[in-house]
Amino acid sequence: MSEHSYDHSHGHHDPNFTDYKDAVREYKKSFASKQDVMEQAPDPAVREMVKYMDDCGVENCFDRFDKQKPHCTFGLAGVCCRICSLGPCKITERSPRGTCGADADLIVARNMVRAAAGGVAAHGARAREIILTLKKAAEGDVNLPIIGVKKVKAVADMFGLDVKTKSVQELAGEVADILLEDLSRTVPGKHKTLEAVATYERKLVWEELDVIPVGSYHEVFEALHQTTVGTQGDWRKAMDQFMRLGVAFSMNSVVGGSIASDCLYGVPQRTTVKANLGVLRTDTVNIAVHGHAPQMAMEVIKTARSEKFQKMAKEAGATGIQFYGICCSGLSSLYRLGGVIPLSNANGSELVVATGALDLWLADIQEIFPGIMDVANCYKTVVVTTNESNRLPGAEHIGYKRDLTDLDKLPELSERIVTRAIESFENRKDIKRHIPEHEVEAEVGFNLETLNQRYGSLSTIASALIEGKIKGIINLAGCTNTRVVFEKSIVDIVDILLKNNVLVFTNGCASFPMAKLGYCSVKGQEKCGEKLLRFLGPKMPPVWHFGECIDNAHAVSVFREIAKYTGRHMKDLPFAEVTPEWSNEKGVGAALAFRMLGFNSYHCVHAPVQGSRNVQEFLYKGTKELLGSCMNVHTDPEKVAEMILKDFDEARSNICWR
Ligand code: SF4
Ligand code: FE2
């Protein structure tokens, strides 16, 4: 961060002004270009597809990012405020305060609060839908079996419900009610999920800081309230709301959503598939599932695999119907139903459409870039949206209602969607395909339950950690970002960490390069240091794929269980949250949520805080004392890996481990 370099002779001295221009200028120089992606992306299939789209003159996010250059310095520094119409205001040397008098610290802090609120709302809205679906299934309003019987009982027990006398249906209904209440509480009261899952140590920390959320709804509401013009004037207090959102993100939006999904559909299972674009077939009806809400994707896959639709596909000249996964709906349907080929995260979705191989693209919510429509039109891929929160002009919409009153129609809607896919297959026989050859095996579905099955108990992992066979464990997650070479920071960091015996958990968008490049199979062992190899044995991959982004909840359960066996708090252990290429508001929320749990977070992408020395220092250092964790950023992945290794060594030496 650049030093305070204000020219006092100027006469507008403001002690809070931070000269961010040099830092941001330097930062902008590091931004990747499409050319860099074509040359340096670690996945050969990505390089090939970007080049292919370039040759065909079809635009994607890498072109659009280049066209956005030069990026707005004020926006990058976080000192652009559009909260009221006295503005927009920007903080510069000449104008160190907005019209209302807000300084850079306040503007940067408020923008971060609003970003975190966006993340809490995104995961929270998804959680709400799935909890409501569980409730409807429990109450018989929708004909969905409750598959996660063990999970329902375990969670009911955790909530202190009467598991002995009540039926699974009853318990599932009561669990859903508690999760909904925690998510949307209006009258302040006990947060039951937090009480049940947070450690005693964390509860004390959060209580002390007064950051225990009322619930996601309230904290998002309050975040928008506090950050409106002329309300919260103290940047440090705004950061308290930021931290409260971090706890709400984790305890309601992520844990609540994850519990409901597991109760309804069962806990994720380990499963192995082929991954990457080379698996795309030309003789099957090809359907991609993209997004985050599992309800429709799960039903469509089941429908397509029924005898009736297999027969219909064959009559249309296909050998069957194959599913492919984009982003998180793809991952969650893979570990629950098997056989869904992981192809790409959100930033690479246009590349997948451009293969010309997809007959139907099923888009639900979140990280569905509007840009896919133009590419889909080029290749006659039918895009079907399924959720009222995400409509795309030009797409067909076959979805359930906003109020979820017609969820019982899922089977009919699914039949329409699969029928549409088969029609599309017939209509697209003359469409040119371009399918890169790369494919590799990947295993997904790690979590506390499947690891307990594998190891008997996690004491095995805890011992390996104590003995130093495992130096530390990272949770590799987050999105991807056009500011850096697509997926390269993720791969570069992991390569260095594996060599240094760091075990990797992964989920969400960042997990795609891992799955596509062999890290989630035993092939990935080539990258490991000797000690880690000895721990893994011949059958385990070095990168454990937990699934979709809300499976952070499962990762945390595993970290918590390992910590328990070491007899230490998570904050004192060599654990880290690594989101090298984070980009969206959920990414702000996820890293923040992990910091609230005491994990340092590491990134190759700057948050928009360079415009405020106070906010930046608070996040980079100040929270260390409060939470035991802080944010660490460097645009060079090698430097980030070094920071992680150094911090792991320090953590180990602090607790007298080798
Ligand atoms: Fe400008 Fe203040 Fe309005 Fe923001 S809230 S736009 S800084 S006047
Ligand atoms: Fe996701």
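Conventions adopted
Residues numbered from 1 in each chain as written. Chains lettered and ligands numbered in written order. Predicted model: local features only at pLDDT ≥ 70, side-chain atom pairs only at ≥ 80, totals over all residues. Heavy atoms only, no water. Phe/Tyr/Trp six-rings, centres within 6.5 Å; stacked < 30°, edge-to-face > 60°. Lys NZ or Arg CZ within 6 Å of the ring centre and 35° of its normal. Helix = DSSP H or I, 4+ residues; strand = E, 2+ residues; numbered from the N terminus. Contact = heavy atoms within 4.5 Å. Pairing = 2+ DSSP bridges. Axes fitted to C-alpha atoms, helices over the stretch in contact; angles between N-to-C directions. Domains from an automatic or database assignment. Buried area = accessible area lost by both parts, 1.4 Å probe. Salt bridge = Lys/Arg side-chain N within 4 Å of Asp/Glu carboxyl O. Polar contact = N/O pair within 3.5 Å; in protein donor to acceptor, adjacent residues only side chain to side chain. Donors = N, O, S within 2.8 Å, 3.2 Å for Na, K, Ca; no water. Buried < 20%, exposed > 50% of the residue type's maximum accessible area, 1.4 Å probe, protein only.

## Digging into the packing of aromatic side chains
Given two aromatic rings, one states the distance between the centres and the angle between the planes to describe the pair.
Inference 1: What the rule picks out here adds up to 15 aromatic pairs.
Inference 2: Taking the centre distance of 4.9 Å and the plane angle of 85° together, the rings of Tyr27 and Phe31 count as edge-to-face.
Inference 3: Connected via pairs of aromatic rings, a cluster forms that spans Phe446, Tyr455, Phe505, Phe535, Trp544, Phe546, Phe559, Phe575, Phe594 and Phe599.
Inference 4: The cationic tip of Arg454 hangs over the ring face of Tyr455; the distance from NZ or CZ to the ring centre is 4.5 Å.
Inference 5: Here Lys564 stacks its cationic end above the ring of Tyr565, 5.4 Å away from the centre of that ring.

## Observations concerning the environment of Ala553
Inference 1: Along the chain, Ala553 turns up in helix 24 (residues 552–566).
Inference 2: In this structure the C-alpha to C-alpha distance between Ala553 and Tyr52, which are 501 residues apart in sequence, comes to 38 Å.
Inference 3: Non-local contacts of Ala553, meaning those with residues more than four positions away in its chain, are made with Val254, Val255 and Ser258.

## Details of the sheet that holds strand 8 (residues 382–385)
Inference 1: What the six strands build is an open sheet, ordered 6-5-4-7-8-9; its pairing is parallel. Among the strands making up the open sheet, the edge pair consists of strand 6 (341–344) and strand 9 (396–397).
Inference 2: Across two bridges, strand 8 lies against strand 9 in parallel orientation. By the bridge assignment, Thr385 is partnered in strand 9 with His397.
Inference 3: Helix 13 (residues 294–304) contacts strand 4 (285–290), strand 5 (321–326) and strand 7 (360–363) of the sheet and is inclined by roughly 160° relative to strand 5.

## A look at the domain arrangement of the protein chain
Inference 1: Examined at the domain level, the protein chain breaks down into domain 1 (105–265), domain 2 (277–427) and domain 3 (440–654).
Inference 2: On a C-alpha basis, the centroid separation for the pair domain 1 and domain 2 is 29 Å.
Inference 3: Each partner contributes to the interface: domain 1 provides 14 residues, whereas domain 2 provides 14 residues.
Inference 4: Between domain 1 and domain 2, roughly 1300 Å² of surface is buried when both sides are summed, and carbon and sulfur atoms account for 55% of that area.
Inference 5: Considering only the side of domain 1, the residues that lose the most area to domain 2 are Arg126, Glu129 and Tyr265, jointly responsible for 47% of the buried surface there.
Inference 6: Across the pair Asp262 and Arg336 runs a salt bridge whose closest N-O atoms are separated by 2.8 Å.
Inference 7: Between domain 1 and domain 2 we count eight residue pairs in polar contact (both at pLDDT 80 or more) in total.
Inference 8: Counting residues per element, the ones that place at least two in the side of domain 1 that touches domain 2 are helix 6 (104–139) and helix 12 (235–265).

## Here we look at the coordination of the iron ion (ligand 2)
Inference 1: Taken together, His292 (NE2), Cys328 (SG) and Cys549 (SG) make up the full set of protein donors to the iron ion (ligand 2), lying 2.1 to 2.3 Å away.
Inference 2: Since its relative accessible area comes to 1%, His292 is described here as buried.
Inference 3: Residue Cys328 is classed as buried on the basis of its relative accessible area, which comes to 1%.

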